[in-house]
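Architecture and fold: a report
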Amino acid sequence: MSLSKVKHIVLVLSGKGGVGKSSVTTQLALSLSLAGHSVGVLDVDLTGPSIPRMFAIEDAKVTQAPGGWLPITVHEADQAAGFGSLRVMSLGFLLPRRGDAVVWRGPKKTAMVRQFLSDVFWDELDYLLIDTPPGTSDEHISLAETLLQKARPDQLAGAVVVTTPQAVATADVRKELNFCAKTGIRVLGVVENMCGFVCPNCSECTNIFMSGGGEVMANDFGVRFLGRVPIDPQFLVLIETGKRPRYPEGTAVNGQDMSTPVQESNGAQDTKDAALLVHKYPDCSLAPIFKSITADVISEVQITGR
Amino acid sequence: MAPSLEAPEPVEDVLANPLKQKPNLVAPEPEHCPGPESEQAGTADSCAGCPNQKICAAAPKGPDPDIPLITARLAGVKHKILVLSGKGGVGKSTFTCLLAHAFATNPDSTVGVMDTDICGPSIPKMLGVESETIHISSSGWSPAWAMDNLAVMSIQFMLPNRDDAIIWRGPKKNGLIKQFLKDVEWGDLDFLLVDTPPGTSDEHLSVNTFLKESGIDGAVMVTTPQEVSLLDVRKEIDFCRKAGIRVLGLVENMSLFVCPKCTHASEIFQATTGGGRALAQEMGIPFLGSVPLDPRIGMACDYGESFFDSFPDSPACTALKGVVRELAGQIGLDAKEVMPE
């Protein structure tokens, strides 16, 4: 099995769509890479793959090697800068045109998920993050079945569950937590995404999708609450256009100053910045938040390993 | 197994092989199973050696015999509208509920909402009927009534506990959707709104197959402005094209957010590629309008209230009314009759 050299497998799950599974996966991957780990991302959302867009590698095509597929490299490890390599695999790379619909019934999806788990040549990886579609259906059942059968017990670390705060979302995510309980997948923790938006004009924070729902749910199920992530349009701009995030003076996250120095922002007003995503991401206000979430996830994973 | 770098199966293939009745299998469906309900069941290459092969091959050919029953059951439904989006969390269910409330403002219209999102049903909560259960009589299942003229059907009504996970594979989901159409006493409805899960998979194919004969008016696409979402919606429009479902129009949800303190409008989900309007133009479909992001819509959904009744003066409400009027025009109805002022 191609997963034999992978140390830890972490699933990113949510019963609800559009809560930010793919953006959380992306940011966990970047944060883990920044912390010096080698990371792989497997996108099993077959009918709506977002991961290629997230890493701005939509044009990439998968290379076939004897007996398997080679994942796409986002960046190689850089010993000097202290970050690990990042590789990605998604169905998006197999589509002839990006607008093509993938209309598959269950058995076909099951076969594809199994193939993704057995035939991708992941090299040595510290972490493999698996991004999933919403729900508790074919893809999830196949993932759980295959991983519980084939992966070593110490490999499958568990699942990070993503939700947004409003009751309509947590109602679906509660079902996902029950899915994890039934299939015996350990929940590493809950991330509450899209919690609060800071107006760029008056700095008033509005809880657009309410607040606190994720924490209440985590307490109800007795799982770890990993933290709240606010809405930052700058992150979206970074993903969509590659523009380095800039913040007005006085912006602070977790006590860390995030504002862009004046002279620097005058110098480089360009919209496109050729630097790697992993170089630009630390400038985003969400980076420090994810740094602590990632540290929590790693510590939870270590508990499983023991 | 050697990996095959095949191009995904063309949509036409899947659509040209509609469902037939599922035979009783003796073993679970294997990898690469064409589906026991498909036309190639028992005859495809991958069927060789499968313990079910004989059963599948012997099952009666031809279309599902239940389809005429569905057509008869839905004979009293005037308009059938699907709410689709390739992307999750863009507001399909919210928009379905708002649309249902808008149609139901005319006391002479009767509206039905069918929730085909089996693994994450949201409609019951949004319409405030989460604790309802289904009553079964000799003539069929009775839907739950959220208002005097608003009927609802969802899997949520069948769960013993609210948080129970529904861990079902495709064929089982198809079976339930069929029952929702065949066994539910919808009666005479002016509108049947079908809310769908994200993606282009079993639920969408089944709804299309089962409703094809009785006629679908069309589909409303919901999207948010950012490209990550438009990318998936483009796939859904491609699916509708190939399935022959008319796209009634595209609604852009969560387009602007107005700060309640300083009334500064921010684009939270920035339309870096032109948003819904540009996509509608690119795909040649009508653009029905943009609905701003209003936290009170989410709140109304959490409490199962009608946003139209609670905040009739909000800008989001005005925008939604515009969308409903456009939509009424697309299905050839008088907007004033659909939603009297």
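Each value, and the rule that gives it
Residues numbered from 1 in each chain as written. Chains lettered and ligands numbered in written order. Predicted model: local features only at pLDDT ≥ 70, side-chain atom pairs only at ≥ 80, totals over all residues. Heavy atoms only, no water. pLDDT = per-residue confidence, 0-100. Contact = heavy atoms within 4.5 Å. Buried area = accessible area lost by both parts, 1.4 Å probe. Salt bridge = Lys/Arg side-chain N within 4 Å of Asp/Glu carboxyl O. UniProt positions renumbered as here; feature names shortened; annotations may be inferred. Helix = DSSP H or I, 4+ residues; strand = E, 2+ residues; numbered from the N terminus. Buried < 20%, exposed > 50% of the residue type's maximum accessible area, 1.4 Å probe, protein only. Pairing = 2+ DSSP bridges. Axes fitted to C-alpha atoms, helices over the stretch in contact; angles between N-to-C directions. Expected span 1.5 Å × (residues − 1). Polar contact = N/O pair within 3.5 Å; in protein donor to acceptor, adjacent residues only side chain to side chain.

Brief notes about the confidence of the model for chain B
- Looking at chain B, the pLDDT average stands at 89 and 93% of residues meet or exceed 70.
- Among the scores for the predicted complex, ipTM is 0.90 and pTM is 0.91.

Comments concerning the interface of chain A and chain B
- With 72 residues of chain A at the contact, the number on the chain B side is 72 residues.
- Carbon and sulfur atoms supply 59% of the area that chain A and chain B bury against each other, a total of about 6,300 Å² over both sides.
- When the area that chain A buries against chain B is broken down by residue, the three leading residues are Val103(A), Arg105(A) and Lys175(A), summing to 13%.
- Counting across the interface, chain A meets chain B through 5 salt bridges.
- Measuring nitrogen to oxygen at the nearest pair gives 3.3 Å for the salt bridge that ties Glu145(A) to Arg169(B).

A short note on the UniProt feature "binding site: [4Fe-4S] cluster 2" (unreviewed entry) in chain B
- Residues given the UniProt feature "binding site: [4Fe-4S] cluster 2" (unreviewed entry) here are Cys259(B) and Cys262(B).
- Mapped onto the secondary structure, Cys259(B) falls in the loop between β9 (247-258) and β10 (265-266).
- Take Cys259(B): its relative accessible area is 1%, and that puts it in the buried class.
- With sequence-adjacent residues up to four places away left out, Cys259(B) is seen in contact with Cys199(A), Cys202(A), Glu204(A) and His264(B).
- Structurally, Cys262(B) is set in the loop between β9 and β10.
- For Cys262(B), a relative accessible area of 24% puts it in the partly exposed group.
- If we skip the residues at most four places from it in the chain, Cys262(B) touches Cys199(A), Asn201(A) and Cys202(A).

Side note on the environment of Gly218(B)
Residues and elements named next belong to chain B.
- Inspection of the secondary structure puts Gly218 in strand β8 (residues 218-223).
- Distance in space between the C-alpha atoms of Gly218 and Leu99 is 14 Å, their sequence separation being 119 residues.
- With sequence-adjacent residues up to four places away left out, Gly218 is seen in contact with Lys80, Ile81, Leu82, Ile245, Arg246 and Leu248.

Section: the sheet that holds strand β5 (residues 72-75) of chain A
All names here are of chain A.
- Spatially, 8 strands are ordered β5-β6-β2-β7-β1-β8-β9-β12 in an open sheet, and the strand pairing comes out mixed. Two strands close off the open sheet at either side, each with one partner strand: β5 and β12 (225-228). Between one strand and the next, the sheet's axes are offset by a mean angle of 20°, whatever the strand orientation.
- In this structure, strand β1 (residues 6-13) lies alongside strand β7 (residues 125-131), joined through 6 bridges in parallel fashion. Considered in β7, the bridge of Val10 is made with Leu129.
- Against the sheet, helix α5 (residues 167-183) touches β1, β8 (156-163) and β9 (187-192), its axis set at about 170° to β8.

Here we look at helix α4 (residues 92-104) of chain B
- Here α4(B) is 13 residues long and its end C-alpha atoms lie 18 Å apart, about the 18 Å a rise of 1.5 Å per residue gives.
- With 13 of 13 residues buried, α4(B) is to be regarded as a mostly interior element.

Some remarks on the side chain of Ser2(A)
All names here are of chain A.
- Inspection of the secondary structure puts Ser2 in the segment before β1.
- A distance of 2.7 Å separates a polar atom in the side chain of Ser2 from the backbone oxygen of Val120.
- Among all residues touching Ser2, those that are not within four sequence positions of it are Leu117, Ser118, Asp119, Val120, Phe121 and Trp122.

Digging into the UniProt feature "binding site: ATP" (unreviewed entry) in chain A
- As recorded in UniProt, the sites labelled "binding site: ATP" (unreviewed entry) are Gly15(A), Lys16(A), Gly17(A), Gly18(A), Val19(A), Gly20(A), Lys21(A) and Ser22(A).
- Its relative accessible area of 8% is what places Gly17(A) among the buried residues.
- Beyond its immediate chain neighbours, meaning those up to four positions away, Gly17(A) contacts Pro134(A), Gly88(B) and Gly89(B).
- Checked against the element boundaries, Gly20(A) lands in the loop between β1 and α1 (21-34).
- Judged by its relative accessible area of 10%, Gly20(A) falls in the buried class.
- Excluding its chain neighbours within four sequence positions, the residues that come into contact with Gly20(A) are Val162(A), Asn193(A) and Met194(A).

Overview of the pairing of strand β2 (residues 39-43) of chain A
Residue and element names in this part refer to chain A.
- Across the 5 residues that make up β2, a large majority, 5, are buried.
- Relative to strand β6 (residues 86-90), β2 is paired through 5 bridges, and the arrangement is parallel. Looking at β6, one finds that Val41 is bridged to Val88.
- Bridging between β2 and β7 involves 5 bridges; their strand directions are parallel. Across the sheet, Leu42 pairs through a bridge with Ile130, a residue of β7.

Observations concerning the pattern of salt bridges
- Tallying each qualifying case throughout the model produces 32 salt bridges over all chains.
- In this structure, the salt-bridge partner of Arg224(A) is Glu300(A), at a minimum N-O distance of 2.8 Å. Of this pair, Arg224(A) sits in the loop between α6 (213-221) and β12 while Glu300(A) is found in helix α10 (residues 286-305), placing the two residues 76 residues apart along the sequence.
- Judged by its relative accessible area of 10%, Glu300(A) falls in the buried class.
- In this structure, Arg162(B) engages Asp163(B) in a salt bridge whose closest nitrogen and oxygen atoms are separated by 3.6 Å.
- A relative accessible area of 45% means that Arg162(B) is categorised as partly exposed.
- In the salt-bridge network here, residues are joined through shared partners; they are Arg53(A), Glu58(A), Arg98(A), Glu227(B), Arg234(B) and Glu282(B).

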